[in-house]
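Coordinate inspection notes
For reference, the chains in residue letters:
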Amino acid sequence: MLQTSVVCSTGMIRYWRVFHARDRKHAPMPGPTPPEKLTVDAVNALVGQPLAPSRWRVIDQAMIDDFADLINDHQYIHVDPVRARASPFGGTVAHGFLSLSIFGGLAAEIAPKLENGQMSVNYGFDRIRFAAPVREGAEVRTVLTLKAVEAQGSGVVNLLYDAVLEIRGEGKPAIVAEWRVRHYLQGEAAGLGA
């Protein structure tokens, strides 16, 4: 641990401090019951169906300020409530990438887990649009619709989702995206229909 601290850049140490402080200020709220583990065939049967939405999560000014410190983006629309009132947003708004980060955490609460799953990783996005700003104090939640299940070699399954980060009480979502998640399975091939 000491060796890691010595080789870490100042930015990484700052990252650690900001996020560990943030964890104390923004303790995770209880979410929905984690989904049961499913076979690949059972997940494949979910294609085209929306999954249950995640819990709602508030994005407050403290979270926005911490994120601004983390990524060094202190534009007034994010961190200066007085000046931001005169902006087209009428107040401070979350960074698009903060909204995207919150999306990922909420998505993990509701995305299907695979039987014999060793791990899953965010494999990226085919498309992302920041469709509407998330104003300070707004509540957001993730909604996923499974679009495709693809076996890729032995023990690897890729899932493609139509994904939305909704804002409570708003007609337009914060984020609309196509999101890929890669699952690595233990001890068996990931063939569909096997």
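A brief look at the structure comes next.

Quick word on the overall build of the protein
- Scanning the protein from terminus to terminus reveals seven helices and seven strands.
- Scanning the protein from its N terminus toward the C terminus, one meets helices and strands in the order α-α-β-α-β-α-α-α-α-β-β-β-β-β.
- Evaluated residue by residue, the protein yields a buried proportion of 37% over its 194 residues.
- Summarising the internal contacts of the protein: among those between residues at least 6 apart in sequence, 74% fall at separations of at least 24.
- Put simply, the protein shows about 10,800 Å² of open surface, and 55% of that area lies on carbon and sulfur atoms.

Observations regarding the environment of Asn122
- Residue position: Asn122 is located in strand S4 (residues 117-130).
- Once the C-alpha coordinates of Asn122 and Arg180 are considered, the two residues, 58 residues apart in sequence, prove to be 6.5 Å apart.
- Among the polar contacts made by the side chain of Asn122, one reaches the main-chain amide nitrogen of Gly124 at a distance of 2.8 Å.
- A polar atom in the side chain of Asn122 sits 3.2 Å from the side chain of Trp179.

Structural notes on unusual backbone geometry
- One non-glycine residue, Asn72, adopts positive backbone phi at about 60°.
- Here Asn72 shows up in the loop between helix H4 (61-71) and helix H5 (76-79).
- Its identity is not glycine, yet Asn116 carries a phi of approximately 65°, on the positive side.
- Secondary-structure assignment places Asn116 in the loop between strand S3 (113-114) and S4.

A short note on the nonpolar core
- The biggest cluster of nonpolar side chains holds 38 residues, and the ones touching the most others in it are Ile59, Leu144 and Tyr161.
- Contributing elements (two or more residues each) for this core: helix H3 (40-44), H4, helix H7 (96-110), strand S5 (139-151), strand S6 (156-167) and strand S7 (175-185).
- Element by element, the count of residues in this core is highest for H7, at seven residues.

The rules behind these values
Residues numbered from 1 in each chain as written. Predicted model: local features only at pLDDT ≥ 70, side-chain atom pairs only at ≥ 80, totals over all residues. Heavy atoms only, no water. Helix = DSSP H or I, 4+ residues; strand = E, 2+ residues; numbered from the N terminus. Buried < 20%, exposed > 50% of the residue type's maximum accessible area, 1.4 Å probe, protein only. Contact = heavy atoms within 4.5 Å. Areas by Shrake-Rupley, 256 points an atom, 1.4 Å probe, with all protein chains shown as cover. Polar contact = N/O pair within 3.5 Å; in protein donor to acceptor, adjacent residues only side chain to side chain. Core = buried A, V, L, I, M, F, W, Y, C linked by side-chain atoms within 4.5 Å.

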